[in-house]
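# Secondary and tertiary structure notes
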Amino acid sequence: MNYKEQLANLLSLPTGLDAQQISSLLEVPPDMTMGDFALPCFKLAKQMRKAPPAIAKQLYASFDKLPAWLERIEVAGGYLNFFLSRTQFACDILNQVSAKGEQYGSSDEGRGRNIVLDYSSINIAKPFHIGHLSTTVIGSALYKIFNFLGYHSIGVNHLGDWGTQFGKLISAYKRWGDHDTVEKGSIRALLDLYVRFHEEAEKNPSLEEEGRAWFKKIEDGDSEALSLFHWFKDLTLREVSKIYDILDVHFDSYAGESFYNDKMQPVIDELEAKGLLEESNGAKVVNLDAYDMPPCLILKSDGATLYATRDLACAFYRKRTYDFYKNLYVVAYQQNLHFKQLFKVIELMGYDWAKDMEHVAFGMVSMTDGTLSTRKGRVVFLEDVIAASIEKTKAIIEEKSPNLQDKEKTAQDIGVGALIYSTLSNSRIKDIVFDLDRILNFDGETGPYVQYTHARALSVLRKATSLPKVQPDYEVLTCPQAFAIIKLIAEFPQTIRRAAEKYEPFFITRHITSLAQAFNKFYYDIRILDDNAAATAARIALVDSAATVIRIGLNLLGIHAPERM
Ligand code: ARG
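Residues numbered from 1 in each chain as written. Predicted model: local features only at pLDDT ≥ 70, side-chain atom pairs only at ≥ 80, totals over all residues. Heavy atoms only, no water.

## Some thoughts on the confidence of the model for the protein
When pLDDT is low, close inspection of the predicted coordinates is not appropriate. To keep things clear, this is the line we draw: What pLDDT reports is the predictor's confidence in each residue, on a scale of 0 through 100. By the convention used here, residues are in contact when the closest approach between their heavy atoms is within 4.5 Å.
Here the protein averages 94 in pLDDT, while 98% of its residues score no lower than 70. pLDDT under 50 marks residues 371-377. Its contacts with residues more than four places away, or in other chains, come to 14 contacts.

If you want it as structure tokens, here you go:
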């Protein structure tokens, strides 16, 4: 049952407002000692023509008998504070979790609405480096969160698979590459070729011309150029799919930049027809002076299209294909301007759905040994970081629980989980510095800590499976240790909604971390299994629900929850 609604119904008569209005006034106090709900009476002063404290007193007096679920009401200045019956509340919440199981906190509020999520969006023949972890992991979490709320998520990997760099790569391959080295070395071999091209081009500028010529051949459909281009693309996708498998990340579409080659002209024509294109040194641009932005470049002076031209065509394609409710771009904040321009141009073209597109920006990722740069090849491959994290986890497992079954799989779940957790443990926009020792610390605010707490709860449940089924005595859950858990479980659905609203998976990270902390406090302070069967049953129900909610949270973030650790 919904206490807020019930309370609103009760307050409707004495205030003379309808339950809906009351419900929108009711607040949840920041601190449990101030009650479970509060009515700020100053918001009623106008209708009731009284000072807030007087209103609070009057409303208080209007209750002569309280319903069973309401324990007491207190007047605090202009506020009326309501304290729920903890026993009843605990019983209700635990029953909700047990009824909904793994679906607790889910809803169908997004039914019929498509959310396009553009994430990971890697560049072909470029390293999948640690900087891509955020977009991949944030996007994948949002994908799950929206689906959980009944939306239909569409995950798009908008591949960077077009541009003169592919001509350069072909030129480098033709000069210094050989099939086997590239086939074996994959992205790393391609990167070596690319770096070599730039080094040699400094001495021999004519190489640049050769690179451009090869790219022209790709554009013109020359069969040799195209087959090399497709080979590079296949190699890259084959390699990154291994990483996506380990991260358990999926996409519904890999339509990238080259997919829009034949879809730009109509948009360019429309820009022209709407008088939005301007000449600027031979190039065609949309002037955005009036919005304090530099012009958005649509066509270069040689007629070539740009990243923005492709994104423009892409936005129209997505609107046509998915009729999106939101089209979200999970891309580093460095591309702020690009997306502001893109959205503005679509708005200027007269499409009100421009407002449904958003840039979900995030900060930089680096390792403790310094930031990364792709240019000079000093780059931290994500693959290496993942491998290192799993290796370190294995060592920890060997030390802590050498007899664990399924060590390989568990080490992967923990090592990968630690990386995901750490990526999702702060507001997106904050920069992240990875320190493997810190993120793998089982006692800190880390993925392993939360996973471990979950496994610990399951181990308590395993011990309890043989106990007889009796009616639980929920009274024992009114103690602060247990009730803190109940509250966090009760607030979890709201947290999921807020995470979706703000595109901030870290709300969920924070919530399940608090839940894990509350659980551990309970675990250390209170004896769970004792001689009192009814009390034990209630505590077990609590442990079960806490484990379920932690697991749901981890899964929404894309983190596996091993049963034993
Ligand atoms: N490939 C781009 C990059 O690595 C990101 C693409 C983002 N998506 C988009 N539709 N522009 O910077």
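## Details of the site of the ligand
Put simply, the rule is: Whether a residue is near a molecule or strand depends on its heavy atoms: it is near if one of them lies within 4 Å of it. In the analysis that follows, any N or O atom pair within 3.5 Å is treated as a polar contact, provided that within protein one partner can donate a hydrogen and the other can accept it, and provided that, for residues neighboring in sequence, both atoms belong to side chains. Working definition of accessibility: Shrake-Rupley area with a 1.4 Å probe, residue cover restricted to the visible protein chains. Helix and strand definitions follow DSSP, with helices as H or I runs of at least four residues and strands as E runs of at least two, each counted in order from the N terminus. Residue classes follow a fixed rule: Ala, Val, Leu, Ile, Met, Phe, Trp, Tyr, Cys and Pro count as nonpolar, while Asp, Glu, Lys and Arg count as charged, and any other residue, Gly among them, counts as polar.
Taken together, the residues surrounding the ligand are Asp118, Ser121, Asn123, His158, Tyr307, Asp311, Tyr329, Val331, Gln335 and Phe339. Between the ligand and the protein, one listed contact pairs a nitrogen atom with a side-chain N or O atom of Asn123 at 2.7 Å. In the environment of the ligand, a nitrogen atom lies 2.7 Å from a nitrogen or oxygen atom belonging to the side chain of Tyr307. Its free accessible area being 350 Å², the ligand has 86% of it covered by the protein chains. Elements that contribute at least two residues to the shell around the ligand include exactly helix H12 (307-322) and strand E9 (326-332). Residues of the shell around the ligand, tallied by class, amount to four nonpolar, four polar and two charged.

## Here we look at unusual backbone geometry
Selection criterion: Three exposure classes are used, based on accessible area relative to the maximum for each residue type with a 1.4 Å probe and protein chains only: buried under 20%, partly exposed in between, and exposed over 50%.
Located in the positive-phi region is Ala125, a residue other than glycine, with phi close to 65 degrees. Along the chain, Ala125 falls in the loop between strand E4 (114-118) and helix H6 (132-148). Unlike most non-glycine residues, Asp292 shows phi in positive territory, near 60 degrees. Tracing the chain through its elements places Asp292 in the loop between strand E7 (283-286) and strand E8 (296-299). Note on Asp292: relative accessible area 75%, which makes it exposed.

## Details of the pattern of salt bridges
Applicable threshold: Whenever a carboxyl oxygen of Asp or Glu lies within 4 Å of a side-chain nitrogen of Lys or Arg, that contact is scored as a salt bridge.
Within this structure, the stated rule accounts for 32 salt bridges. Lys174 is the partner of Glu224 in a salt bridge, and the nearest nitrogen-oxygen pair spans 2.4 Å. Here Glu224 is found in helix H10 (residues 223-247), whereas its partner Lys174 is found in helix H7 (residues 165-176), with 50 residues between them in sequence. Residue class for Glu224 comes out partly exposed when judged on its relative accessible area of 35%. With a closest N to O distance of 3.8 Å, Glu358 and Lys326 form a salt bridge. Placement of the pair is Glu358 in strand E10 (residues 357-362) and Lys326 in strand E9, with a sequence separation of 32 residues. Residue classification places Glu358 among the partly exposed residues on the basis of a relative accessible area of 27%. Each of Arg188, Glu383 and Asp384 takes part in salt bridges that share partners, so that together they form one network.

## Some details on helix H5 (residues 86-100)
As a reminder, the rule being used: In this analysis, the expected span of each helix is defined as 1.5 Å times one less than the number of residues it contains.
A rise of 1.5 Å per residue sets the reference length of H5, with its 15 residues, at 21 Å; its end C-alpha atoms lie 21 Å apart and thus fit the reference within 8%. Inspection of H5 places Phe89, Ala90, Cys91, Asp92, Ile93, Leu94 and Val97 among the buried residues, and these make up the whole buried set. Elements that come into contact with the buried residues of H5 comprise helix H1 (3-15), strand E3 (79-84), helix H18 (480-502) and helix H20 (533-557). Where H5 terminates, the next one or two residues include Gly101, which has phi positive at roughly 55 degrees.

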